[in-house]
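Chain and residue survey
Here are the chains, one letter per residue:
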Amino acid sequence: MKTIEVDEELYRYIASHTQHIGESASDILRRMLKFTAGQRAPAATAVVPTAAPAPAMVASVPQENEASKPAPRPHDRVRAVRELLLSDEYAEQKKAVNRFMLILSTLYGLDPDAFAEATASLQGRTRVYFAGDEHTLLQHGTHTKPKHVPGTPYWVITNTNTGRKCSMVEHIMLAMQFPQELTDKVCGTI
């Protein structure tokens, strides 16, 4: 078995073609490419790496800013969360904390502004659950085990039981206006 890296957009596209729970990425690609076991691949052609563009060329490419990106449609957001739950990456997570972090990363990626609003007021009696840096979380509890949420500017405490992690995810998803049914399903997988 070989490992390949694909960007997030391509991964989501492949995952969107899942036909049943547990279907591997290899099975999906075989079906999409109409490639069967034992079939010989065409002869590989040499791939010549291209040079990185000159800095002047990079500067002349207009950058898309966050304000110009259209907000994801509710249906697309729901689909993306369902795809996460069906993904190999999610299924491979053995620890609740890893599933929790993957869910948080996905929610942030779907709508950073709504995620920020949802987490702004999320805190316990003495603990702050989310912050922009590790130090802030450590100031509000000595045994919080802060971790950086991948792909986000956020840190979250992870020294909570699974029930508390679920209630944090539930609060965020409902504040982001996800359906209760999907929210319950996500929390049930943590």
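Residues numbered from 1 in each chain as written. Predicted model: local features only at pLDDT ≥ 70, side-chain atom pairs only at ≥ 80, totals over all residues. Heavy atoms only, no water.

Looking at an unreviewed UniProt entry, the chain carries the name Negative modulator of initiation of replication, with the source organism given as Mixta gaviniae. Heading Subunit (unreviewed entry) of the UniProt record for the chain holds this comment: "Homodimer. Polymerizes to form helical filaments." Per UniProt, the comment on the chain under Sequence similarities (unreviewed entry) is "Belongs to the SeqA family." (UniProt positions renumbered as here; feature names shortened; annotations may be inferred.)

1. Quick word on unusual backbone geometry
One non-glycine residue with positive phi stands out, namely Lys145, at about 50°. By the element assignment, Lys145 lies in the loop between helix 8 (134–139) and strand 2 (146–148). Residue Lys145 is classed as exposed on the basis of its relative accessible area of 55%. One non-glycine residue, Gln177, adopts positive backbone phi at about 65°. Relative to the assigned elements, Gln177 resides in the loop between helix 9 (162–175) and helix 10 (180–189). (Helix = DSSP H or I, 4+ residues; strand = E, 2+ residues; numbered from the N terminus. Buried < 20%, exposed > 50% of the residue type's maximum accessible area, 1.4 Å probe, protein only.)

2. Overview of the packing of aromatic side chains
What the rule picks out here adds up to four aromatic pairs. Between Tyr108 and Tyr154 the ring centres are 6.0 Å apart and the planes differ by 70°, which places this aromatic pair in the edge-to-face class. Pair noted here: Tyr108 is in helix 6 (residues 96–110) and Tyr154 is in the loop between strand 2 and strand 3 (155–157), with a separation of 46 residues, a long-range link. Accessibility classification places Tyr108 together with Tyr154 in one group, the buried group. Each ring, one from Phe115 and one from Phe130, has its centre 6.0 Å from the other, and the planes form 90°; the classification is edge-to-face. Highlighted residues: Phe115 in helix 7 (residues 112–120) and Phe130 in strand 1 (residues 130–131), separated in sequence by 15 residues. Within the aromatic cluster, the residues linked to one another by ring pairs are Tyr108, Phe115, Phe130 and Tyr154. (Phe/Tyr/Trp six-rings, centres within 6.5 Å; stacked < 30°, edge-to-face > 60°.)

3. Here's the deal with the side chain of Asp111
On the secondary structure map, Asp111 appears in the loop between helix 6 and helix 7. Residue classification places Asp111 among the buried positions, given a relative accessible area of 18%.

4. A short note on the layout of surface pockets
By volume, the largest pocket is sized at about 760 Å³. Lining the largest pocket are 19 residues, and of these Lys2, Ile4, Ala25, Ser26 and Leu29 lie nearest its centre. Those elements that place two or more of their residues in the lining of the largest pocket are helix 1 (8–15), helix 2 (25–33) and helix 5 (88–91). In terms of residues, the lining of the largest pocket owes the most to one element, helix 2, which gives five residues. (1 Å grid on protein atoms, 1.4 Å probe; cavity = no way out; pocket = protein on both sides within 12 Å on 5 of 7 lines; lining within 4 Å. Points joined across faces, edges and corners; volume = space filled by probe spheres on them.)

5. Describing the sheet that holds strand 2
By way of backbone hydrogen bonds, the strands of a sheet pair with one another, either parallel or antiparallel. Strand order in the open sheet formed by three strands is 1-3-2, with antiparallel pairing between adjacent strands. The open sheet is flanked by strand 1 and strand 2, the only strands paired with a single partner. Looking at chain direction, strand 1 and strand 3 are connected through two bridges and run antiparallel. Its bridge partner lying in strand 3, Ala131 is registered against Trp155. (Pairing = 2+ DSSP bridges.)

6. A short note on the nonpolar core
Formed by 40 residues in total, the largest nonpolar core has its most connected members in Leu107, Phe115, Phe130, Ile172 and Phe178. Put simply, the parts of the chain that give this core at least two residues each are helix 4 (74–86), helix 6, helix 7, strand 1, strand 3, helix 9 and helix 10. Ranked by the residues each element gives to this core, the list is headed by helix 6, at 10 residues. When residues no more than four places from it in sequence are discounted, the contact partners of Phe115 are Leu104, Leu107, Tyr108, Phe130, Tyr154, Ile172 and Met176. (Core = buried A, V, L, I, M, F, W, Y, C linked by side-chain atoms within 4.5 Å. Contact = heavy atoms within 4.5 Å.)

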